[in-house]
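Here is what each chain is made of, one letter per residue.
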Amino acid sequence: MIAYWNPLHAGHAPAHEIFRGDKVACFETPARADFVLSALQGAGHELREPDQDGASALAQIHGDRYLDFLRTAWSQWLSLDPQNEQRQPFPSVWPVRSLRSDIEPVNFVARLGLYSMDNGSPLAHGTWAAAREGVDVAASAAHAVAQGARAAFCVSRPPGHHAGRDFMGGYCFLNNAAIAAQTLRNLEFERVAVLDVDYHHGNGTQSIFYERSDVFFASIHGDPLTEYPFYLGYADETGEGEGAGCNLNLPLPAGSSVAAWFEALEIACKRLGKWGATALVVSLGLDTFEGDPISHFALTAGDFVRLGERLARLGLPTVFVLEGGYAAAELGHNALCVVNGFEA
Ligand code: SP5
Ligand code: ZN
């Protein structure tokens, strides 16, 4: 399988995130992508740098105001104090409910709250460059399948599926899967399905396409009553307006069995087929792995082969986009298992 990789990913390397009030080492690290790259390369898959500019899809998926903020965020942070190179900015106020979200405060960390859904998306020196290069990775993979490749794999970070039109969240800044889907739409594919198998609901992708009838979003994930992102991902979210009926959430309780997970996968696959998808984007989170440090499903390497096999049976041009997965040392093998199953 062709794998497009992000040569700038390692510039996004924040040190810590907050867990129950403590600073803990970030789970989403450069090593994750490096493990996937070496596993794919070791198995003889071709690694390519991006060869397409995703600018037009980017402008369709994210808002200008948010993009302007993100592009300049690190320099604004440094302009407050040169010592800030050693610090991570942290949002100070989130404009929830009765507060105004049409205002852009001058205060940088207040504005960071406007553009964040949570406190868990740390910015670093190279965040914009890495995330923006990830857009080109996604666009390149979509172009490759439009030109006839059976599938292409995006090895990029930071991940993207929690990022919405105008906010970051859950380690995500720009929504790579949405960019891939939009690029496929802009090429020859009329009906694009996004299947999100990350442990966490892909709230950003869902919200981006929620009122559209040309992109179907399906997700299998830990029940948001107990699992991140908590505030979206329930079964009664089925799409709105033109998009009514084009959204499928299959939440499963934390601790669900592998059998239950594959039953949900079967439901999602049948539904995408029935809907008439002509291309597929897989938001491939590997945090469903039994050894994942922050998640509670129990898939094994063999189950990832089975996932790849099932996805291949949809018979669609397919773009895989790496999302989460935090058992870093096993991540490469698990990703390779999906590819092997798909190509079997
Ligand atoms: C892309 C993706 O998978 N994002 C996940 C974001 C999850 N954010 C919440 C993480 C909570 C970490 N809890 C640590 C538990 C350690 N015992
Ligand atoms: Zn996840």
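Residue numbering note: each chain is counted from 1, following its sequence as written. Chains and ligands are labelled by the order in which they are written, letters from A for the one and numbers from 1 for the other. The model is predicted, so local features are restricted to residues of pLDDT at least 70 and side-chain atom pairs to those at 80 or more, both for listing and for counting; the totals for chains, interfaces and linings are taken over all residues.

Regarding the site of ligand 1
Stated precisely, the cut-off is as follows: Whether a residue is near a molecule or strand depends on its C-beta atom, generated from backbone atoms, being within 6 Å of that molecule or strand. Residues are sorted three ways: Asp, Glu, Lys and Arg are charged, Ala, Val, Leu, Ile, Met, Phe, Trp, Tyr, Cys and Pro are nonpolar, and all the rest, Gly among them, are polar.
The immediate surroundings of ligand 1 are formed by 15 residues, with Pro159, Gly170, Tyr228, Ile294 and Gly324 found nearest. For the shell around ligand 1, a count of residues per class yields six nonpolar, six polar and three charged.

Topic: the UniProt feature "domain: Rhodanese" (unreviewed entry) in the chain
Where we set the bar: UniProt positions are given in the numbering used here, feature names are shortened, and annotations may be inferred rather than shown by experiment. Counting from the N terminus, the helices are DSSP H or I runs at least four residues long and the strands are E runs at least two residues long.
Per the UniProt record, the feature "domain: Rhodanese" (unreviewed entry) sits at residues 306-338. Each end of residues 306-338 is marked by a C-alpha atom, and these two atoms are 7 Å apart; helix forms 55% of the span and strand 15%.

Thoughts on the nonpolar core
For the record, the criterion: A set of buried residues qualifies as a nonpolar core if it consists of Ala, Val, Leu, Ile, Met, Phe, Trp, Tyr and Cys joined through C-beta atoms within 7 Å. To sort residues by exposure, count the other C-beta atoms lying within 10 Å of each residue's C-beta; 20 or more gives buried, 12 or fewer gives exposed, and values between give partly exposed, all with C-beta atoms placed from the backbone. Think of it this way: build a C-beta for each residue from its backbone, and any pair within 7 Å is a contact.
Counting 100 residues, the largest nonpolar core has Ala141, Cys154, Ala180 and Val321 as the members making the most contacts within it. Setting aside its immediate chain neighbours within four residues, Ala180 contacts Ala138, Ala141, Ala142, Val281, Val319 and Val321.

Considering the pairing of strand β9 (residues 279-284)
For the record, the criterion: Any two strands are treated as partners once DSSP identifies two or more bridges connecting them. Looking down the strands as they point away from you, a crossover is right-handed if its path from the first strand over the helix to the second goes clockwise.
Buried residues dominate β9, accounting for six of its six residues. Here β9 shows no split at all, with Ala279, Val281 and Ser283 on one side and Leu280, Val282 and Leu284 on the other all buried. The pairing of strand β6 (residues 192-196) with β9 spans five bridges and is classified as parallel. Across the sheet, residue Leu195 finds its bridge partner in β9, namely Val282. In terms of strand pairing, β9 meets strand β10 (residues 318-322) through five bridges, oriented parallel. Among the inter-strand pairings, Leu280 is bridged to a residue of β10, identified as Thr318. Between the parallel pair β9 and β10, the chain is carried across by helix α9 (residues 301-312), and the sense of this crossover is right-handed.

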